[in-house]
Amino acid sequence: MTAAELLVLVLGMLAVTFSVRYVLLAFGDRIRLPPAALRALQFVPVAVLSAITVPMVLQPGGVLALSPSSPHLAAGVVAVALAAGRAPLVVVILGGMAVFFAWRLLVA
């Protein structure tokens with residue numbers, strides 16, 4: 001890919017991303033969404049975070065790793081358990097990180 005093609009590609013992505021976001025920001029106060037759509041939008045952050053983290057936990061390095069020696073899986077289980085117990089977000093993150101590094105050091 002030449003530098004000119006790369007520049008066109010980046011500018012195209014910029015135009016698409018900007019136009020989609022600009023329309024919502026410019027006209028967002030004039031658009032009234034139904035209550036069902038507003039309720040559904042509340043789940044977007046959870047869905048996006050799940051889509052990002054679950055593959056990293058279950059497939060570190062692109063290979064399915066469901067063994068008990070997987071530090072990613074151990075940390076994920078602990079983080080889910082802490083979150084289910086309504087622990088503060090910082091406790092969930094630090095707890096998962098602590099288990100990940102301890103598991104790597106002691107088990108893997």
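Here the structure is shown first, and the text comes after it.
What you see is a predicted model; the values in this text were computed from it and never measured.

(A) Structural context of the environment of Val-54. Note on placement: Val-54 falls in helix 3 (residues 44–58). A residue is classified by how much of its surface remains accessible, and Val-54, at 43% relative accessible area, is partly exposed. Through-space distance from the C-alpha of Val-54 to that of Arg-39 is 24 Å; in sequence the pair is 15 residues apart.

(B) Quick peek at the packing of aromatic side chains. A complete count under the given rule lists two aromatic pairs for this structure. Relative to Tyr-22, the ring of Phe-18 lies with its centre 5.6 Å away and its plane at 20°, an arrangement referred to as stacked. Remark: Tyr-22 and Phe-18 occur in helix 1 (residues 3–27); sequence separation between them is four residues, near one turn of the helix. Taking the centre distance of 5.2 Å and the plane angle of 75° together, the rings of Phe-100 and Phe-101 count as edge-to-face.

(C) The environment of Glu-5, seen in detail. Structurally, Glu-5 is set in helix 1. The sequence separation of Glu-5 and Val-63 amounts to 58 residues, and the corresponding C-alpha distance is 34 Å.

(D) Just the packing of helix 4 (residues 71–84) against helix 5 (residues 89–106), in detail. Between helix 4 and helix 5, whose axes approach to 8 Å, the crossing angle comes to 155°. What the angle tells us is that helix 4 and helix 5 run roughly antiparallel. In this structure, the crossing between helix 4 and helix 5 has a hand that is right-handed. Note on element contacts: helix 5 touches helix 4 through Val-91, Val-92, Gly-95, Gly-96, Val-99, Phe-100, Trp-103 and Arg-104, opposite Pro-71, His-72, Ala-74, Ala-75, Val-78, Ala-79, Leu-82 and Ala-83. Within the contact of helix 4 with helix 5, the residues separate by chemical class into 12 nonpolar, three polar and one charged.

(E) Region of interest: a nonpolar patch on the surface. Taken together, the side chains of Phe-18, Tyr-22, Val-23, Phe-27, Ile-31, Leu-33, Leu-38, Leu-41, Val-44, Val-48, Ile-52 and Met-56 define a hydrophobic patch exposed on the protein surface, amounting to about 1100 Å² of accessible area. Of all the elements in the fold, those that place two or more residues in the nonpolar patch are helix 1, helix 2 (35–41) and helix 3. Inspection of the secondary structure puts Ile-31 in the loop between helix 1 and helix 2.

Reading the values: rules and limits
- Residues numbered from 1 in each chain as written.
- Predicted model: local features only at pLDDT ≥ 70, side-chain atom pairs only at ≥ 80, totals over all residues.
- Heavy atoms only, no water.
- Helix = DSSP H or I, 4+ residues; strand = E, 2+ residues; numbered from the N terminus.
- Buried < 20%, exposed > 50% of the residue type's maximum accessible area, 1.4 Å probe, protein only.
- Phe/Tyr/Trp six-rings, centres within 6.5 Å; stacked < 30°, edge-to-face > 60°.
- Axes fitted to C-alpha atoms, helices over the stretch in contact; angles between N-to-C directions.
- Parallel < 35°, antiparallel > 145°, perpendicular 65-115°, else oblique.
- Left-handed = near helix turned anticlockwise from the far one by under 90°.
- Contact = heavy atoms within 4.5 Å.
- Nonpolar A, V, L, I, M, F, W, Y, C, P; charged D, E, K, R; others polar.
- Patch = residues over 30% accessible without salt bridge, like charges linked within 9 Å, V, L, I, M, F, W, Y side chains within 5 Å.
- Areas by Shrake-Rupley, 256 points an atom, 1.4 Å probe, with all protein chains shown as cover.
- Salt bridge = Lys/Arg side-chain N within 4 Å of Asp/Glu carboxyl O.

What is shown is where atoms sit, not what they do.
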